[in-house]
Amino acid sequence: MPSVHAMLRRTTRILRWMLCIAVVLFGIKYCFEVKARVRADNHPEAWWSEVSPDRDETYTAKLVFISRTSILLRLYRTGDPTLLAERTYTEAGVALGWSDDELIYDTADESFLGGGIQLPPTYLDKLLAKLP
């Protein structure tokens, strides 16, 4: 009968391999997403824009299809090329919804990002927008 110590070593080894495989798979997925964003940047004619309807037209949202079902959304301050927030979502055909304190792009999104971007964008949004 194997000892507890041997079983723990085997379990630890399996967990390490599972963690390595998960990191590699997420890394590959992230590389494909970066490649799609770069490809979209190389085709500026494919983007369309929508300006916030408030009286100052403070924000501009730019959108592009990066695959058949995925949309890349970028939020800028109108007239400023600095990226404030970026999202990728798959809910095609849904119009953007602007409110005083949020840009809503996906009403069905239940993730931690929630299907909307706070206005003004949070520090987390600005930090994530700076990633490649």
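Look up a bit, the structure's there.
Residues numbered from 1 in each chain as written. Predicted model: local features only at pLDDT ≥ 70, side-chain atom pairs only at ≥ 80, totals over all residues. Heavy atoms only, no water.

**Student:** What should I look at first to understand the environment of Tyr30 in this one?
**Tutor:** Relative to the assigned elements, Tyr30 resides in helix H1 (residues 4-41). Its relative accessible area of 33% is what places Tyr30 among the partly exposed residues. Along the primary structure Tyr30 and Pro132 are separated by 102 residues, whereas in three dimensions their C-alpha atoms are 9.6 Å apart. (Helix = DSSP H or I, 4+ residues; strand = E, 2+ residues; numbered from the N terminus. Buried < 20%, exposed > 50% of the residue type's maximum accessible area, 1.4 Å probe, protein only.)

**Student:** Hey, could you run me through the pattern of salt bridges in this one?
**Tutor:** Between side chains of opposite charge, a pair can form when the charged atoms approach closely. Applying the stated rule across the entire model yields 5 salt bridges. Notably, a salt bridge pairs Glu33 with Lys29, separated by 2.5 Å at the nearest N-O pair. Pair noted here: Glu33 and Lys29 are both in helix H1, with a separation of 4 residues, about one helical turn. For the salt bridge of Glu86 with Arg74, the shortest nitrogen-to-oxygen distance reads 2.6 Å. On the criterion of sequence distance, the pair formed by Glu86 in strand S4 (residues 83-89) and Arg74 in strand S3 (residues 71-77) is long-range, its members being 12 residues apart. For the pair formed by Glu86 and Arg74, the shared burial category is buried. (Salt bridge = Lys/Arg side-chain N within 4 Å of Asp/Glu carboxyl O.)

**Student:** Would you explain the pairing of strand S2 (residues 59-65) in this entry?
**Tutor:** Side chains on a regular strand alternate between the two faces of the sheet. With 5 of its 7 residues buried, S2 lies for the most part within the structure. Of the pairings in the sheet, the one linking S2 to S3 comprises 7 bridges and is antiparallel in character. Its bridge partner lying in S3, Thr60 is registered against Tyr76. Adjacent in sequence and paired antiparallel, S2 and S3 are bridged by 5 residues. (Pairing = 2+ DSSP bridges.)

**Student:** How should the environment of Lys35 be read in this particular structure?
**Tutor:** Structurally, Lys35 is set in helix H1. On the basis of relative accessibility, which here comes to 53%, the residue Lys35 falls in the exposed class. For the pair Lys35 and Pro132, spaced 97 residues apart in sequence, the C-alpha to C-alpha distance is 9.7 Å.

**Student:** How should I be thinking about a nonpolar patch on the surface in this particular structure?
**Tutor:** Among the surface-exposed residues, Trp17, Ile21, Val24, Leu25, Ile28 and Phe32 lie close enough to one another that they form a single nonpolar patch of about 680 Å² accessible area. Take Ile28: its relative accessible area is 41%, and that puts it in the partly exposed class. (Patch = residues over 30% accessible without salt bridge, like charges linked within 9 Å, V, L, I, M, F, W, Y side chains within 5 Å. Areas by Shrake-Rupley, 256 points an atom, 1.4 Å probe, with all protein chains shown as cover.)

**Student:** Explain the sheet that holds S4 to me, please; I cannot follow it from the model alone.
**Tutor:** The strands that make up a sheet pair up through hydrogen bonds in the backbone, lying either parallel or antiparallel. Across the sheet, which stays open at both edges, the 4 strands sit in the order S1-S2-S3-S4 with antiparallel pairing between neighbours. Each end of this open sheet is capped by a strand with a single partner; those strands are strand S1 (48-51) and S4. With strand direction ignored, the average angle separating the axes of adjacent strands in the sheet is 20°. Bridge count for S3 against S4 is 6 bridges, and the pairing is antiparallel. Opposite Leu75, over in S4, you have Ala85 as the bridge partner. (Axes fitted to C-alpha atoms, helices over the stretch in contact; angles between N-to-C directions.)

**Student:** Before we go on, may I ask you to explain the nonpolar core in this structure?
**Tutor:** Grouped burial of nonpolar side chains is what soluble globular proteins tend to show. One finds Leu73, Leu75, Tyr89, Leu96, Trp98, Leu103 and Ile117 to be the most contacted residues of the largest nonpolar core, which totals 15 residues. At the level of secondary structure, the elements contributing two or more residues to this core comprise S2, S3 and S4. Excluding anything up to four places from it in sequence, Ile117 contacts Leu73, Leu75, Ala85, Arg87, Asp101, Glu102, Leu103, Tyr105 and Asp125. If you look at the next biggest cluster of nonpolar residues, it comprises 6 residues, including Ala36, Ala40, Val64 and Ile66. (Core = buried A, V, L, I, M, F, W, Y, C linked by side-chain atoms within 4.5 Å. Contact = heavy atoms within 4.5 Å.)

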